[in-house]
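# Observations on the model geometry
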Amino acid sequence: MKRILLFLILLISFSAYSQKSIPNINLNDLEGKKTKIFDVIDDNKITVISLWATWCVPCIKELDAINEVYYDWKEELDFNLIAVSVDDSRSVRRAKALVNGKAWPYEIYLDSNQDFKRALGTSFIPQTLIVKNRKILYQHTGYQPGDEDYLYEKLNTYAD
């Protein structure tokens, strides 16, 4: 019982200090141009940010699943989706090749030093965030088939 209570206290403490807003970190686009995250998210629009890597099978599955319904979602909701690769500098070429092969319609950025991931305080991917006005409204780790449906429900919740 004491262990459960201690765990709950730690969990509540961690959530109280967890990141609640997006840090303004530099990211690179696929051509290597640096940009601040605040320059690519629209404050007045819902933005989905997906942290992923080429070696992460659930990450690829999640982005593929969203891709299958992306245009349907866009017809109903006004949102942007940004996929941020956390592949290190040695595997950036693999990320570019994968993105070109998949032809994902999302904006793709690279976080090769994982500065953005660290600033968010997350250790695991895939990590999916819903952001508006630079505030994190929803955050989810991992992917199971069907999670994209739950993400869509959440997007509807935050839509104007």
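Across its full length, the protein chain holds six helices and seven strands. Counting helices and strands in the order they occur from the N terminus, the protein chain gives α-β-β-α-β-α-β-α-β-α-β-β-α. Among the 160 residues that make up the protein chain, the fraction classed as buried is 44%. When contacts within the protein chain are restricted to residue pairs at least 6 apart in sequence, those whose partners lie at least 24 apart make up 71%. Surface exposure of the protein chain reaches about 9300 Å², of which carbon and sulfur atoms provide 52%.

Here the focus is helix 6 (residues 147-158). Its 12 residues give helix 6 an end-to-end C-alpha distance of 17 Å, which sits within 8% of 16 Å, the value for a rise of 1.5 Å per residue. Residues of helix 6 that are buried make contact with strand 3 (46-52), helix 3 (57-76), strand 6 (127-132) and strand 7 (135-141).

Let's shift gears to the pairing of strand 6. Most of strand 6 sits out of view: six of its six residues are buried. Because side chains alternate across strand 6, one face comprises the buried residues Gln127, Leu129 and Val131, and the other comprises Thr128, Ile130 and Lys132, equally buried. Note: strand 3 against strand 6, five bridges, orientation antiparallel. Pairing of Leu51 across the sheet is with Gln127, part of strand 6.

Take helix 3 next. Taking 1.5 Å as the rise per residue, helix 3 with 20 residues should run 28 Å; its terminal C-alpha atoms sit 29 Å apart, in good agreement. Taken residue by residue, helix 3 has Cys59, Ile60, Glu62, Leu63, Ala65, Ile66, Tyr70 and Trp73 as its buried positions. Lining the buried residues of helix 3 we find strand 3, strand 4 (79-85), helix 4 (92-102), strand 6 and helix 6.

In this section: the sheet that holds strand 3. Ordered by their spatial adjacency, seven strands build an open sheet running 2-1-5-4-3-6-7, and the pairing between neighbours is mixed. The open sheet has two edge strands with one neighbour each: strand 2 (34-36) and strand 7. Ignoring which end each strand starts from, the neighbouring axes of this sheet average 30° apart. Contacts from helix 6 reach strand 3, strand 6 and strand 7 within the one sheet, and its direction differs from that of strand 7 by about 170°.

Considering all chains together, one arrives at one disulfide under this definition. A sulfur-sulfur distance of 2.3 Å marks the disulfide that ties Cys56 to Cys59. On the sign convention where negative is left-handed, the bridge of Cys56 and Cys59, at about 80° about the S-S bond, is right-handed.

Attention shifts here to the nonpolar core. Residues Ile22, Trp52, Tyr106 and Phe116 are the most contacted members of the largest nonpolar core, which totals 46 residues. Ranked by residue count, the leading element in this core is helix 3, at six residues. Those residues within four positions of Tyr106 in sequence are excluded, and the remaining contacts are Leu63, Ile66, Asn67, Tyr70, Leu81 and Ala83.

Within the secondary structure, Asp29 sits in strand 1 (residues 26-29). A polar atom in the side chain of Asp29 sits 2.9 Å from the backbone nitrogen of Lys33. Contact partners of Asp29, with chain neighbours within four places excluded, come to Ile108, Tyr109 and Leu110.

A few words on the confidence of the model for the protein chain. In this model, the protein chain carries an average pLDDT of 88, and 88% of its residues clear a pLDDT of 70 or more. Highest mean pLDDT in the protein chain belongs to strand 3 (97); lowest belongs to helix 1 (residues 2-17) (44). Note on residues 5-17: pLDDT under 50 across the span, and one contact to partners over four residues away in sequence or across chains.

Parameters and conventions
Residues numbered from 1 in each chain as written. Predicted model: local features only at pLDDT ≥ 70, side-chain atom pairs only at ≥ 80, totals over all residues. Heavy atoms only, no water. Helix = DSSP H or I, 4+ residues; strand = E, 2+ residues; numbered from the N terminus. Buried < 20%, exposed > 50% of the residue type's maximum accessible area, 1.4 Å probe, protein only. Contact = heavy atoms within 4.5 Å. Areas by Shrake-Rupley, 256 points an atom, 1.4 Å probe, with all protein chains shown as cover. Expected span 1.5 Å × (residues − 1). Pairing = 2+ DSSP bridges. Axes fitted to C-alpha atoms, helices over the stretch in contact; angles between N-to-C directions. Disulfide = S-S within 2.5 Å. Core = buried A, V, L, I, M, F, W, Y, C linked by side-chain atoms within 4.5 Å. Polar contact = N/O pair within 3.5 Å; in protein donor to acceptor, adjacent residues only side chain to side chain. pLDDT = per-residue confidence, 0-100.

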